[in-house]
Amino acid sequence: MTESSAAVEASTVFEMLAADHRRYLLFALLDHNPQQEVQEPDGVVLDEIEKEKVQMEMYHMHLPKLEDAGFIRWNRDEQQVEKGPVFEEIRPLLEQLRENADKIPGDQSTRFSRTDTDGN
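I will try to describe carefully the structure that is included in this document. Every residue gets a number counted from 1 within its own chain, in the order that chain's sequence is written. Residues qualify for local features only when their pLDDT is at least 70, as the model is predicted, and side-chain atom pairs are given and counted only at 80 or more; totals for whole chains, interfaces and linings, by contrast, use all residues. To obtain the side-chain values, all non-hydrogen atoms of the structure were used and water was disregarded.

**Some thoughts on the pattern of salt bridges**
- Salt bridges are defined by distance alone: a side-chain nitrogen of Lys or Arg within 4 Å of a carboxyl oxygen of Asp or Glu. Summed over all chains, the structure comprises 8 salt bridges.
- Across the pair Lys 51 and Glu 48 runs a salt bridge, and its minimum N-O distance is 3.8 Å. Here the residue Lys 51 and the residue Glu 48 both occupy positions in helix α3 (residues 48-68), the gap between them amounting to 3 residues, near one helical turn.
- Whether a residue is buried, partly exposed or exposed follows from its accessible area with a 1.4 Å probe, protein chains only, as a fraction of its type maximum: under 20%, in between, or over 50%, in that order. Under the relative-accessibility criterion, Lys 51 is labelled partly exposed at 31%.
- Since its relative accessible area comes to 54%, Glu 48 is described here as exposed.
- Note that Arg 91 and Glu 95 form a salt bridge whose closest N and O atoms lie 3.4 Å from each other. Runs of H or I in DSSP of at least four residues are treated as helices and runs of E of at least two as strands, each being numbered from the N terminus.

See the structure below:
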């Protein structure tokens, strides 16, 4: 996906949203840009082995996929992720998913506490 792309294909959006860790990162970017590469969802405590596993998955699978799709920019040296060139195209969907999290059966990735102060 290049910066000159006119639109993100729906199949790409659904593929990127299919993994909990990718969704959590994208939801976090709605409120705070940039983000650290790997974060624990609010209320979730991972032991060292679980943290390592998540970090490996993020580095080798999730972050490269999100970056290739243009959803994020990944600065490996500073271990930061920021909104990518097509992030604004998916913002309305992310906001709708977050606002309707209580209606999505079985999905805990959208149920994180928001840290913005304007109530949006």
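Moving on from the model shown.
**Here's the deal with helix α1 (residues 10-17)**
- Inspection of α1 places Thr 12, Val 13, Met 16 and Leu 17 among the buried residues, and these make up the whole buried set. Summarising the axial view, the buried residues of α1 lie within an arc of 125°, below the 170-degree limit, and thus occupy one face.
- As for α1, its buried residues are in contact with α2 (20-31), α3 and α4 (87-99). What the arc measures is the spread of directions leading from the helix axis to the C-beta atoms. Two residues form a contact once any of their heavy atoms are found within 4.5 Å.

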